[in-house]
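Letter by letter, the chains look like this.
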Amino acid sequence: RNFWIGRHSSTSMIPNAPDGTALDSYVNALRYLSGVKKYLFSRNCIVWRAKKVSEILDGKMSSFQVLMRFTILPLVLETLHKSSQMEISARISSNDADVELAALLMDLTKKFLSQYKRCPRCLTEDLLNHGVSFGRTLHQFAAICVCPNHDVLLEEVCLACGAGFEFLPRFAPFRGELQVCYRCKKKSERPLPYACSEGYMAFANLLARGLKSCADEVRPEQMYVALGRFAEISQAYDIDMLTVFARFWGCEKWENACAISGANSREVRGALSLGLLPVCIISKYVVASFFYARVASQAKHIDLRRGSF
């Protein structure tokens, strides 16, 4: 098992964490491997936390690299112009913490559930490959119910006793099976409820690609194309895009789709009806996923003369 990459001191071992690992989970692994029991973070500022992790790793990773690999920063950067991306990168790399950026990241993490979620197959693979398991950033979004890598339902609590899962399961050696509950010692997990829809699949896929910096659809130049098309269809052809959006998510009302995804309903309404650019990061991903998966991809099926899709 490859527990870590290199060893320089008891506090500088670098776990070989899988892609998409959440920052808190990575820090727990650092503590576990080094034998440090003290909680390392005394502040909630995500930029400050990244700086502390960089210091723990003796500069093997910069603050910016930590943020890009273990946080939702890539989701934010994907929505910005190249010049803004470079400016933010420079500010973080120079340890000039951007208060506005930190606030934006903290606001985005409010879309997370308070309870840790895990994928049973990710857990098994982590224990086999690393000796410990890691929480995934994408899995912690309240809207995400399925692991995109394995297409299995995420688990949140033990079915037998209702206990939540640890962010770093490590109570038993890998035996080709999931670990037991820390409270009741049973292996009985409760998968999350899941209602599949075209909207959910498109949104989850775009979020996953955004965390890998592969979501061109949410970049400004692409967003303005989508917003212009929304305004044209809804105003010039009198098509209710909100109704189309609701069907895309398998909902009776478009507001329900916003509640499921965590998008700002006022901003989604403005984007789909008037072509206004959303401010909320999640709203941008929701709007972009709707446009490119439903509107742009099915343009030839849109009957504008009859005002319908």
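Here, every reference points to the structure presented above.
Given the structure is predicted, the values throughout are model-derived calculations rather than measurements. Every chain begins its residue count from 1, and numbering advances along the sequence as written. Confidence filtering applies because this is a predicted model: local features only for residues at pLDDT of at least 70, side-chain atom pairs given and counted only at 80 or more, and all residues used for totals across whole chains, interfaces and linings. With hydrogens and water stripped out, all remaining heavy atoms of the structure feed into the side-chain values.

Engineer: Explanation requested: the overall build of the chain in the structure shown.
Structural biologist: Helical segments are the DSSP runs of H or I of at least four residues, strand segments are the runs of E of at least two, and each set is numbered from the N terminus. Of the regular secondary structure elements, the chain holds 13 helices and 4 strands. Each residue is assigned to one of three classes by its accessible area relative to the maximum for its type, calculated with a 1.4 Å probe on protein chains only: buried under 20%, partly exposed between the two thresholds, exposed over 50%. Per-residue burial for the chain yields a buried fraction of 50% across its 309 residues. Excluding contacts between residues fewer than 6 apart, the proportion of contacts in the chain whose partners are at least 24 apart in sequence is 65%. Every accessible area reported is derived by Shrake-Rupley at a probe size of 1.4 Å, with residue values counting cover from the shown protein chains alone. As displayed, the chain offers around 14,800 Å² of accessible surface, 51% of which is attributable to carbon and sulfur atoms. Pairs of residues are marked as contacts when any of their non-hydrogen atoms sit within 4.5 Å.

Engineer: Just checking my understanding: could you explain the side chain of Q85 for this structure?
Structural biologist: As for its placement among the helices and strands, Q85 is situated in helix α5 (residues 82-93). Those residues within four positions of Q85 in sequence are excluded, and the remaining contacts are L77, E78 and L80.

Engineer: Help me understand unusual backbone geometry in this model?
Structural biologist: Glycine aside, the phi torsion of most residues is negative, and most peptide linkages are trans. For D151, which is not a glycine, the phi torsion comes out positive at approximately 55 degrees. When you line up the elements, D151 lands in the loop between β1 (146-147) and β2 (152-153). Using a relative accessible area of 61% as the deciding quantity, one classes D151 as exposed. The phi torsion at D238 lies on the positive side, around 55 degrees, for a residue other than glycine. Within the secondary structure, D238 is located in the loop between α9 (220-236) and α10 (241-248). Residue classification places D238 among the exposed positions, given a relative accessible area of 67%.

Engineer: What's the story with the packing of α10 against helix α11 (residues 254-261) in this structure? I'm lost.
Structural biologist: Geometrically, a packed helix pair is captured by the angle between its two axes and the distance between the axes. To obtain each axis, a line is fitted to C-alpha atoms, and for helices this fit is confined to the stretch in contact; angles are then taken between N-to-C directions over 0 to 180 degrees. Look at α10 against α11: their axes get within 8 Å of each other, and the N-to-C directions meet at 50 degrees. Accordingly, the angle class assigned to the pair α10 and α11 is oblique. The crossing of α10 and α11 is left-handed. Between α10, through L242, F245 and A246, and α11, the contact on the second element is made entirely by W254, A257 and C258. When residues are grouped by polarity, Ala, Val, Leu, Ile, Met, Phe, Trp, Tyr, Cys and Pro land in nonpolar, Asp, Glu, Lys and Arg in charged, and all others, Gly among them, in polar. Along the lines of polarity and charge, the residues of the contact of α10 with α11 split into 6 nonpolar, no polar and no charged. Note on angle classes: values under 35 degrees are labelled roughly parallel, values over 145 roughly antiparallel, values of 65 to 115 roughly perpendicular, and the remainder oblique. In a left-handed crossing the near helix is turned counterclockwise from the far helix by less than a right angle, and in a right-handed crossing that turn is clockwise.

Engineer: What's the story with the environment of A50 in this structure? I'm lost.
Structural biologist: Mapped onto the elements, A50 comes out in helix α2 (residues 46-56). When its relative accessible area of 0% is taken as the criterion, A50 is described as buried. Spatially, the C-alpha atoms of A50 and S63 are 5.1 Å apart, while their sequence positions differ by 13 residues. Residue contacts for A50: discarding those within four places in its chain leaves S63, V66 and L67.

Engineer: For this particular structure, what's the right way to read the packing of aromatic side chains?
Structural biologist: Each aromatic ring pair is specified by the distance between its two centres and by the angle formed by the two planes. Pairing of aromatic side chains requires ring centres within 6.5 Å, counting the rings of Phe and Tyr and the six-membered ring of Trp. Pairs whose planes differ by under 30 degrees are stacked, by over 60 edge-to-face, and all others tilted. In the structure shown here, the tally under the stated rule is 7 aromatic pairs. Seen from their ring centres, F203 and W249 are 5.9 Å apart, and the 50 degrees between their planes marks the pair as tilted. Remark: W249 occurs in the loop between α10 and α11 and F203 occurs in helix α8 (residues 198-211); sequence separation between them is 46 residues. Look at F203 and you get buried, because its relative accessible area is 1%. Their ring planes at 80 degrees and their centres at 5.3 Å tell us that F245 and F290 sit as a pair that is edge-to-face. On the criterion of sequence distance, the pair formed by F245 in helix α10 and F290 in helix α13 (residues 281-295) is long-range, its members being 45 residues apart.

Engineer: Even after reading the chapter, I still don't get helix α12 (residues 265-274), so can you show me in this structure?
Structural biologist: Because an α-helix completes one turn every 3.6 residues, residues spaced three or four positions apart along the sequence face the same direction. Within α12, the full set of buried residues consists of E267, V268, G270, A271 and L272. In this structure, the buried residues of α12 make contact with α9, α10, α11 and α13. Any pair of N or O atoms that falls within 3.5 Å is considered a polar contact. Within protein, one atom must be able to donate a hydrogen and the other to accept it, and sequence-neighbouring residues count only if both atoms are side-chain atoms. Put simply, N264 is the residue that caps the front of α12, since its side-chain oxygen is 3.0 Å from the backbone nitrogen of R266. G275 occupies a position one or two residues after α12 and carries a positive phi of about 75 degrees.

Engineer: Help me understand the packing of α12 against α13 in this model?
Structural biologist: For the pair α12 and α13, interaxial distance at closest approach is 10 Å and the crossing angle is 35 degrees. The handedness of the crossing between α12 and α13 comes out as right-handed. Listed contacts from α13 to E267, V268, A271 and L272 of α12 are S283, V287 and F290. Tallied by class, the residues present in the contact of α12 with α13 amount to 5 nonpolar, 1 polar and 1 charged.

Engineer: Could you clarify how one ought to interpret the nonpolar core in this entry?
Structural biologist: Side chains of a nonpolar character, in soluble globular proteins, are inclined to be buried together. Ranked by size, the top nonpolar core spans 84 residues in total, and within it F230 and F245 carry the most contacts. Element by element, the count of residues in this core is highest for α13, at 9 residues. Leaving out residues up to four positions away in the same chain, F230 has contacts with M241, A271, L272, V287, F290, F291 and V295. Throughout, nonpolar core names a set of buried Ala, Val, Leu, Ile, Met, Phe, Trp, Tyr and Cys residues whose side chains join them through atoms within 4.5 Å.

Engineer: Is there a simple way to explain α13 in this structure?
Structural biologist: End to end, α13 covers 20 Å across 15 residues, agreeing with the expected 21 Å (1.5 Å per residue, within 8%). Most of α13 is tucked away: 13 of the 15 residues are buried. Helices are assigned an expected span. That span is 1.5 Å times one less than the residue count.

Engineer: Just to check I follow, could you spell out the side chain of K284 for this structure?
Structural biologist: By secondary structure assignment, the location of K284 is in helix α13. Although K284 is buried, it makes no salt bridge; E267 carries the closest opposite charge, 8.0 Å away. In this structure, K284 is in contact with T79, V218, M223, P278 and V279, ignoring residues within four places of it in sequence. Neither His nor the chain ends is counted toward charge; the positive residues are Lys and Arg and the negative residues Asp and Glu. Salt bridges are defined as contacts in which a side-chain nitrogen from Lys or Arg sits within 4 Å of a carboxyl oxygen from Asp or Glu.

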